[in-house]
Structures are given as C-alpha cells and as structure tokens.
Amino acid sequence: MDFREYLKTNKPVLIAEGYLFEFIRRGRVKPASFVPEVVLDYPECVRALHQEFVDAGTDVVQAFTYYANREKMRDVGREGELEAINRKALQIAKEVARENNKLFAGGLCNSNLYDPNKPETIQECENMFTEQCQWAKEAGVDYMIAETFWDYGEASLALKVMKRFDFPTVVSICPASKKEVTFDGVPIPEALARLESEGADVVTLNCARGPKTMLPLIEKCRAVCKGPLGCLPICYRTDEKWHSFQAFKYIGSDQPCYPNDLKEYYVSLKEIEWFAAECKRIGLSYIGLCCGDDPTYMRALSKTFGKPCALDKYDHDGKNVMSRDYSEVSAEKEEPNRYAGLWDFCR
C-alpha cells in the first residue's frame, strides 16, 4: 500500500502503538530495559496483539522494533540476536498487515546514546539507524516511523538516514519537558517545523503526555506546520501537576510509580473519544495512541472517526443487565423477582 497516496486521500491515518507498555502489562517485557524480547521469546503473542489492534480499527501494523537497536540489545546481553529480532518483528507485522490490507510500517526510535557534543555517539546512532533501515527495506515496509526523540538533532539524523533509503517517513518528537523544548533546546513547534522542511512526510508528537496536556501543544505546532501533522498521546492522565507520565508518583505518596505500576492513572474511554473529536477539529492527518494503548482504547478512537472494524458486532447496545426491567419479568411469571431492585442496591 502506498503511504503517500493514502495521505493524498485526506483520510486520517489511525495507528495503534503502545506495544511496549501493553506487553509490560502482560508480563512479557521487562519494565526497566524496555527491550522487546517478546518478539524472539513469544512471537505468537506479538502476532496476536497485532491482530487485536487490527480488529479494533488501526490502519497500520507497525513492527515491534522499539528499542530493538544495537545499544539496547547489548544492555540485555542479546546483541548477537539483533538482526534476528528485527527481521522477526518485521516478518510478523508484514504478515498481519498483508492479510488484513493494512499499511505496514517499520520503526526507529530514540537511542538514549545520542549526545550532540560527542561526534562518536552521533556516528554510532547513524550506524544503528542504517542497519535497521536496511532490514526494513528488505522487508518491504510501506513507510518508516522514527519516534519518541528527546533531541531534535537525533530526530533529524534519523530522518536523514531514512531518506537515504527513499522511505516515506513519519518523524516524532517526545514532548516530555514542561518547558515545551527538546532536550537539545529547540522549541517543540519549531522542531517539528524544521523536520517538515527537511522532508518528513508527516511530523508528530508522541509519548510522555496524555490527551489533555498534549493537545494544547499540538495546536501550537499546527500554527507553524503546513503539511500532515499527527498526535499520539499516552493513555494516562497527565495534568498541570504531572505533565508527563515519567513524573507520576503513587497517589498520596512521594514514591515514583513509573514505569511498571501506572494503573492509577489510566484515562477513561470518554477522554479518548474527546481526544479523537479534538483531532478532527484541529485537522490532524495522523492520529494514534502510544503507551498504555490497548484494543479497547483503539476501538474508542476508531469509532469516533466512524471507522468500521471487526469489533463492531460486540458494541455496547446501550443496555445494562443491571438495569433490566425485572418487574416485567416478574409480571410475566406472576411471582416476585428479588433482582428487580438490584441496580438501586448496587448504587
């Protein structure tokens, strides 16, 4: 499927991300290393989650290669399996994408190695991006995503490498700072505008912030970016106090709960529906959900955009078993029914 042609249709691209934290929730990724070892250890689980997101309405199947780079694989003692994990992730995603007529995306991400003051780290990052792009090219991806960059400079470097392979590209900055600047000091709207001018097909924000704290920033980006713009917040409640989920602490405590115990902070499905409606109002072209995403959130997003999917048959019909009119049942049976007052009892 041609990604650039898809963009020309002016239909929004809906994308399910968040594989990393969903597998942390399912106990198959270590919350400290964040390395997607599940791809090698339980590939059937990766395939199943891809299909769950397809059934929930995603337009894209993205290979789960986030942090499957040389630096992170070295951290967990599996650098020798670097090529294997990338090729396996790409193979699984491609199979699910082609079976379901979806876009197939590869991915690069922040290295946590990049330092603009150390040329050797820049070269190492370029080498890592290049080898991952080579495997993605051989797999036949429809486009490449470079995401979650703290530094504008590293995002720009990733874009340069992807363009060398002639990929359609989506490049994303992570808006973790409350000051709305990148780690290397570039105002975030300016960073996206620069990446757009450097040839990114779509520029986006992803990760760190939930819908309510990301949307005001994406509106500032909309004012300076003229082409396709995207937004992929986390599915956790951030606000003025907790501007990013890295700052979360247990409620009533000073103890951090990021990254492995965030259940207190999940957003509601209503907030996802509101987010989707706001994206339509702003005129975004590329909309998705990042960390914390699961098929129920993705379904709420796709449903707000009026997108049919396999889960439509299971939609809530507006009824609740607790509100069933047991008085009518009792009348039919001509006997009292003790459940007639159950809903009031529960409230």
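In what follows, the structure referred to is the one given above.
Here, residues in each chain are numbered from 1, in the same order as that chain's written sequence. Local features are withheld for residues below a pLDDT of 70 in this predicted model, meaning they are given only at 70 or higher, and side-chain atom pairs are given and counted only at 80 or more; totals for whole chains, interfaces and linings count all residues. The basis for every side-chain value is the complete set of non-hydrogen atoms in the structure, without hydrogens or water.

Trainee: How would you summarise the overall build of the protein if you had to cite specific residues and measurements?
Mentor: Starting at the N terminus, helices and strands are each numbered in turn, a helix being any DSSP run of H or I of at least four residues and a strand any DSSP run of E of at least two. For the protein, the helix and strand inventory stands at 14 helices and eight strands. Just to be clear, the radius of gyration here is over C-alpha atoms, and the globule rule we use is 2.2 Å times residues to the power 0.38. The C-alpha radius of gyration of the protein comes to 22 Å, within 12% of the 20 Å expected for a compact globule of 347 residues. For the protein, the spread of C-alpha atoms along the three principal axes comes to 85 × 45 × 40 Å. Classification of residues uses two cut-offs on accessible area relative to the type maximum, computed with a 1.4 Å probe and protein chains only: under 20% is buried, over 50% is exposed, and between them is partly exposed. Across the 347 residues of the protein, 53% fall into the buried class. Residue contacts follow a heavy-atom distance rule, with two residues in contact if any of their heavy atoms lie within 4.5 Å. In the protein, the proportion of contacts linking residues at least 24 apart, taken out of those at least 6 apart, comes to 74%. For the protein, the exposed area adds up to about 15,600 Å²; of that, 50% sits on carbon and sulfur atoms. With 46 positive and 54 negative side-chain charges, the protein shows a spacing of 2 Å between the two charge centroids. Methods summary: accessible areas were calculated by the Shrake-Rupley approach with a probe of 1.4 Å, and residue burial reflects only the protein chains presented. Two residue types count as positive, namely Lys and Arg, and two as negative, namely Asp and Glu; His and chain ends fall outside the count. Taken as the charge centre is NZ of Lys, CZ of Arg, CG of Asp or CD of Glu, depending on the residue.

Trainee: Requested: an account of the pattern of salt bridges, with residues and values cited.
Mentor: Salt-bridge detection follows one rule: a side-chain nitrogen of Lys or Arg within 4 Å of a carboxyl oxygen of Asp or Glu. Under the criterion given, the structure shown has 30 salt bridges. The salt bridge involving Arg98 is made with Asp142; its shortest N-O contact spans 3.1 Å. Taken as a pair, Arg98 in helix H6 (residues 82-99) and Asp142 in the loop between helix H7 (119-139) and strand S4 (143-149) lie far apart in primary sequence, 44 residues in all. With a closest N to O distance of 3.9 Å, Glu273 and Lys270 form a salt bridge. Taken together, the positions of Glu273 and Lys270, both in helix H11 (residues 269-282) and three residues apart, correspond to about one turn of that helix. Taken together, the shared-partner salt bridges in this structure form one network comprising Arg70, Glu71, Arg74, Glu79, Glu124 and Glu131.

Trainee: Which residues make up the pairing of S4, and what values go with them?
Mentor: The buried fraction of S4 amounts to seven of the seven residues, a majority that puts the element mostly inside the structure. With five bridges connecting them, strand S3 (residues 103-109) and S4 associate as parallel partners. Across the sheet, the residue bridging to Leu108 is Ala146, located in S4. Strand pairing is assigned whenever DSSP detects at least two bridges linking the two strands. When S4 meets strand S5 (residues 169-173), the two strands line up parallel, connected through four bridges. Across the sheet, Phe149 pairs through a bridge with Ile173, a residue of S5. Once you follow S4 into helix H8 (residues 152-164) and on to S5, the crossover reads as right-handed. Looking down the strands as they point away from you, a crossover is right-handed if its path from the first strand over the helix to the second goes clockwise.

Trainee: Break down the packing of helix H9 (residues 188-197) against helix H10 (residues 211-224) for me, citing the residues and quoting the values.
Mentor: To obtain an axis, a line is fitted to C-alpha atoms, over the contacting stretch when the element is a helix, and the angle between two such axes runs from 0 to 180 degrees between their N-to-C directions. Closest axis-to-axis distance for the H9/H10 pair is 9 Å, and the angle between their directions is 45 degrees. As the angle between them shows, H9 and H10 are arranged oblique. You can see that H9 and H10 cross each other, and the crossing is right-handed. Only Leu217, Lys220, Cys221 and Val224 of H10 make contact with H9, whose side of the interface consists of Ile188, Pro189, Leu192, Ala193 and Glu196. With respect to orientation, any angle under 35 degrees is reported as roughly parallel, any angle over 145 as roughly antiparallel, any angle of 65 to 115 as roughly perpendicular, and every other angle as oblique. Crossing handedness is defined as follows: a turn of the near helix away from the far one that is anticlockwise and smaller than a right angle gives a left-handed crossing, while the clockwise case is right-handed.

Trainee: Please provide a residue-by-residue account of the pairing of strand S1 (residues 13-16), values included.
Mentor: By the alternation rule, side chains of S1 split into Val13 and Ile15 and Leu14 and Ala16, which are all buried. Pairing between S1 and strand S8 (residues 286-289): four bridges, direction parallel. Within the sheet, the bridge partner assigned to Ala16 lies in S8 and is Leu289.

Trainee: How would you summarise the environment of Cys257 if you had to cite specific residues and measurements?
Mentor: Structurally, Cys257 can be placed in the loop between strand S7 (229-232) and H11. Between the C-alpha atoms of Cys257 and Asp55, which are 202 residues apart in sequence, the distance is 31 Å. Sequence-distant contacts of Cys257, defined by excluding residues within four places in its chain, comprise Phe248, Lys249, Tyr250, Leu262 and Tyr265.

Trainee: Quick rundown of the environment of Asn100? Include the residues and the values.
Mentor: Relative to the elements of secondary structure, Asn100 occurs in the loop between H6 and S3. We classify Asn100 as partly exposed; its relative accessible area is 24%. Apart from the residues within four sequence positions on either side, Asn100 is in contact with Gln51 and Val54.

Trainee: How would you explain the nonpolar core if you had to name every residue and give the values?
Mentor: Among buried residues, the Ala, Val, Leu, Ile, Met, Phe, Trp, Tyr and Cys ones that are joined through side-chain atoms within 4.5 Å form a nonpolar core. With 119 residues, the main nonpolar core has Tyr143 and Tyr286 as its most contacted residues. Here the element with the most residues in this core is H6; it accounts for eight residues. Filtering out sequence-adjacent residues up to four positions away, Tyr286 remains in contact with Phe3, Val13, Ile15, Tyr143, Ile145, Val170, Val202, Thr204, Leu229, Gly230, Cys231 and Leu232.

Trainee: An account of empty space enclosed by the protein is needed here, citing residue identities and associated values.
Mentor: Taking a probe equal in size to a water molecule and rolling it over the atoms shows the remaining empty space. Cavities and pockets are found on a 1 Å grid laid over the protein atoms alone: a cavity is a set of points where a 1.4 Å probe fits but cannot escape, a pocket is an open set with protein on both sides within 12 Å along at least five of seven lines, and a lining residue has an atom within 4 Å of such a point. Grid points are joined across faces, edges and corners, and a volume is the space filled by probe spheres set on the points. Summed over all chains, the structure comprises two cavities of 30 Å³ or more. Reported here for the largest cavity is a volume of approximately 40 Å³. Mapped by element, the contributors of at least two residues to the lining of the largest cavity are H6, S3 and H7. Partitioned by chemical class, the residues of the lining of the largest cavity number four nonpolar, five polar and no charged. Counted as a void, the second largest cavity has a volume near 30 Å³. The wall of the second largest cavity is formed by Glu17, Ile145, Glu147, Val170, Ser172, Thr204, Asn206, Leu232 and Tyr286. Contributing elements (two or more residues each) for the lining of the second largest cavity: S4, S5 and strand S6 (202-206). Each residue is assigned to one class: nonpolar for Ala, Val, Leu, Ile, Met, Phe, Trp, Tyr, Cys and Pro, charged for Asp, Glu, Lys and Arg, and polar for all the others, Gly among them.

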